Amino acid sequence: MAHSPTAPEAETTGPALFESWGRYPTYGGKIVPINWQGDFPRAASGVANGALPVGMGRSYGDVCLLKGGNLLLTTGMDRLLEFDPATGLLTAESGITLAQILDFAVPRGFFLPVTPGTKYVTLGGAIANDIHGKNHHVAGTFGSHVTQFGLMRSDGSYKVCSPTENPEWYAATIGGLGLTGLIPWATLRLRPIVSRMIDYEGIQFHGVDEFLDLTERSKEIEYTVSWVDCVSTGKNFARGVFMQGDHSPVPGELKPSPEPKLVFPFDAPGFALNRYTVSAFNTLFFHKQIKTRVTALQDYEPFFYPLDKVLHWNRLYGRSGLLQFQYAIPWESAREGTIAILGAVAKSGLASFLAVLKAFGDVPSPGMMSFPQPGITLALDFPIKPGVSFPLFERLADMTRDFGGRLYPAKDAAMTAAQFQAFYPQWEQFARYRDPMLTSSFWERVTGDIAKI
Ligand SMILES: Cc1cc2nc3c(=O)[nH]c(=O)nc-3n(C[C@H](O)[C@H](O)[C@H](O)COP(=O)(O)OP(=O)(O)OC[C@H]3O[C@@H](n4cnc5c(N)ncnc54)[C@H](O)[C@@H]3O)c2cc1C
């Protein structure tokens with residue numbers, strides 16, 4: 001694949017705010033749009049405090065932030081380059097979003113091989129965090145479906161990476177947190193569909209054991225995920241709704257999705273989300289499913305992206321933002337760890353509005369630093385409350401470590417350097433692949449390693 005041509009001069013903008021989804025931390029920084037891969041070496045070189053390629057800023061914490069450095073915005077590099085309907089192989093520039101890929105692919109009878117809970121992420125961001133979806137137990141991570149990509153370094157050198165060509169760079173860059181160089185383009189294997197619809201089933205459960213039992217029984221189902229109530233205690237402790245689905249085999253209309261119309265209009269006041277409002281929401285959500293089991297034919301949009309319906313829903317957490325906490329604990333201690341952590345959260349009084357529980361499967365992740373591992377993953381959102389959220393987070397992170405688990409950098413703004421280095425002991429080996437000009441506030445926080453000019 002040839003390099004994209006170089007634009008005459010990379011356009012730069014003055015100080016501006018590039019926010020991550022959690023809106024914490026926030027740093028003014030220089031946003032430098034790169035519209036062609038040839039812009040990258042100039043935009044990344046000789047910059048005080050270094051540079052970092054970024055996509056849609058849908059990571060929750062600081063993996064997509066760089067205090068005092070250049071944020072190289074890739075969303076202008078969003079061209080589709082090639083598509084082969086016989087194989088489903090699609091090649092596109094890395095700034096294209098999964099929403100744009102779906103608009104192209106669905107009318108042609110194809111779908112993403114793996115999708116996160118929002119479609120507003122870029123192809124480059126999906127690779128750099130080696131994201132996972134509701135089908136992890138059968139399909140593995142996003143990176144497993146990326147057959148090749150380009151990698152450009154700040155010195156202008158360039159290589160194609162695949163499982164067989166430069167395989168060590170392929171492994172370092174998938175889940176490589178944007179630190180090994182710019183991914184200018186990638187090839188992704190799409191999966192065929194005949195309809196937009198999903199055969200959905202929702203099943204109420206009470207407690208972690210019932211969740212594990214449903215997980216065991218749904219191994220053959222392509223998508224599974226659970227909402228869990230992490231406020232209630234006693235007989236309602238860890239009650240939830242197990243949601244599962246398969247692409248409908250009945251041919252149906254393959255039209256593109258409409259644009260979302262709802263926008264969350266303002267920052268909610270800090271008190272809007274508290275133990276009482278979340279508890280009321282949880283009771284409503286649990287009982288909304290009046291029968292213990294419901295089935296439905298559901299469009300893929302509400303099934304995969306229920307939150308995308310309201311743009312900027314993160315404003316619900318108010319100006320001070322939100323902290324995400326997501327662990328993966330291996331099977332040996334997954335049950336015990338999940339009960340202990342859910343118990344600690346319920347006791348803390350700090351309510352999590354969105355709590356998502358899922359079993360990861362054993363398809364190996366291709367990335368050296370990929371987060372998923374076989375076992376249970378739990379993702380929680382906490383409003384930032386000074387003096388409360390961070391101590392709780394630190395305690396939960398320590399519990400995760402003691403149960404042999406790890407936290408997800410894409411969702412993190414608070415793990416300590418010691419915690420990170422215990423979660424990812426391979427980090428020093430990975431650091432050998434880092435581009436010397438690239439760093440992030442996350443990387444500096446968890447390793448103390450900074451860019452070298
Ligand atoms: C509502 C919501 C639901 C989510 N659900 C899930 C989920 O189910 N599963 C999951 O795994 N994640 C999930 N996420 C997290 C999200 O999928 C990841 O954080 C994703 O990486 C964000 O992509 P982005 O384009 O916004 O990249 P950014 O957040 O801007 O950047 C992410 C990383 O990618 C790097 N990067 C970006 N572009 C390039 C490039 N071209 N070359 C090299 N490096 C690059 C950046 O340096 C950074 O390290 C969710 C996020 C939200 C907001």
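Residues numbered from 1 in each chain as written. Predicted model: local features only at pLDDT ≥ 70, side-chain atom pairs only at ≥ 80, totals over all residues. Heavy atoms only, no water.

K.L.:
Tell me about helix α6 (residues 208–217), and please be specific about residues and values.
P.N.:
Looking at α6, one finds that the buried residues are Val208, Phe211, Leu214 and Thr215. One side of α6 holds all its buried residues, which, seen down the axis, span an arc of 120 degrees. Where α6 is buried, its residues touch β12 (197–206), β13 (223–228), β14 (239–247), α9 (331–348), β19 (355–360) and β20 (375–383). (Buried < 20%, exposed > 50% of the residue type's maximum accessible area, 1.4 Å probe, protein only. Helix = DSSP H or I, 4+ residues; strand = E, 2+ residues; numbered from the N terminus. Arc of directions from axis to C-beta. Contact = heavy atoms within 4.5 Å.)

K.L.:
Can you break down the pairing of β13 residue by residue, with the values?
P.N.:
For β13, the tally of buried residues reaches six of six residues, placing the bulk of the element in the interior. Of the two faces of β13, both are covered, the one formed by Tyr223, Val225 and Trp227 as well as the one formed by Thr224, Ser226 and Val228. Of the strand pairs in this sheet, β13 and β14 are connected by six bridges, and their pairing is antiparallel. Residue pairing in the sheet places Ser226 in a bridge with Phe242 of β14. In this sheet, β19 lies alongside β13 in antiparallel orientation, the contact comprising two bridges. By the bridge assignment, Trp227 is partnered in β19 with Val356. (Pairing = 2+ DSSP bridges.)

K.L.:
Would you mind going over the site of the ligand in detail, with residue names and values included?
P.N.:
Near the ligand you find 34 residues, and of these Pro53, Arg58, Ser59, Thr122 and Tyr408 are the closest. A distance of 2.6 Å is found between an oxygen atom of the ligand and a backbone nitrogen or oxygen belonging to Pro53. Contact distances for the ligand include 2.7 Å between an oxygen atom and a backbone N or O atom of Arg58. Burial of the ligand by the protein chains amounts to 96% of its free accessible area of 980 Å². At the level of secondary structure, the elements contributing two or more residues to the shell around the ligand comprise β3 (51–54) and α3 (123–128). (Near = heavy atom within 4 Å. Polar contact = N/O pair within 3.5 Å; in protein donor to acceptor, adjacent residues only side chain to side chain. Areas by Shrake-Rupley, 256 points an atom, 1.4 Å probe, with all protein chains shown as cover.)

K.L.:
If you had to explain the environment of Glu301 to someone new, which residues and values would you point to?
P.N.:
By the element assignment, Glu301 lies in helix α8 (residues 300–304). Between the C-alpha atom of Glu301 and that of Asp213, which follows or precedes it by 88 residues, the distance is 28 Å. If we skip the residues at most four places from it in the chain, Glu301 touches Lys119, Arg196, Ser257 and Pro306.

K.L.:
Provide a residue-level description of the sheet that holds β13, including the pertinent values.
P.N.:
If you trace the eight strands from one edge of the open sheet to the other, you get β16-β12-β14-β13-β19-β20-β18-β21, paired in antiparallel fashion. In the strand order of this sheet, the two ends are held by β16 (293–299) and β21 (406–407), each with one partner. Docked against the sheet, α9 engages β13, β18 (322–330), β19 and β20, running at close to 150 degrees with respect to β18. (Axes fitted to C-alpha atoms, helices over the stretch in contact; angles between N-to-C directions.)

K.L.:
Explain the nonpolar core residue by residue, including any values.
P.N.:
Membership of the largest hydrophobic core comes to 107 residues, with the highest contact counts inside it found for Phe111 and Phe142. With sequence-adjacent residues up to four places away left out, Phe111 is seen in contact with Leu102, Val106, Leu190, Arg191, Ile193, Tyr223, His247, Tyr300, Phe304 and Tyr305. (Core = buried A, V, L, I, M, F, W, Y, C linked by side-chain atoms within 4.5 Å.)

K.L.:
Could you give me a rundown of the pattern of salt bridges, with the residues and numbers involved?
P.N.:
Scanning all chains against the criterion turns up 15 salt bridges. Residue Arg191 is joined to Glu222 by a salt bridge in which the shortest nitrogen-to-oxygen separation is 2.7 Å. You can see Arg191 sitting in strand β11 (residues 191–192) and its partner Glu222 sitting in the loop between α6 and β13, a full 31 residues away along the chain. Since its relative accessible area comes to 17%, Glu222 is described here as buried. (Salt bridge = Lys/Arg side-chain N within 4 Å of Asp/Glu carboxyl O.)

K.L.:
How would you explain the sheet that holds strand β8 (residues 146–152) if you had to name every residue and give the values?
P.N.:
Pairing in this open sheet of five strands is antiparallel, and the strands run β5-β6-β10-β8-β9 from one edge to the other. Strand pairing shows two members of the sheet lacking a second neighbour, β5 (80–84) and β9 (158–161), which therefore form its edges. Averaged over all pairs of adjacent strands, the angle between strand axes in this sheet comes to 10 degrees, irrespective of strand direction. Inspection of the sheet shows β5 paired to strand β6 (residues 89–93) by four bridges, in the antiparallel sense.

K.L.:
Outline the environment of Glu210, supporting the account with residue identities and numerical values.
P.N.:
When you line up the elements, Glu210 lands in helix α6. With 52 residues separating them in the primary sequence, Glu210 and Tyr158 have C-alpha atoms 50 Å apart. With sequence-adjacent residues up to four places away left out, Glu210 is seen in contact with Gln204 and Phe205.

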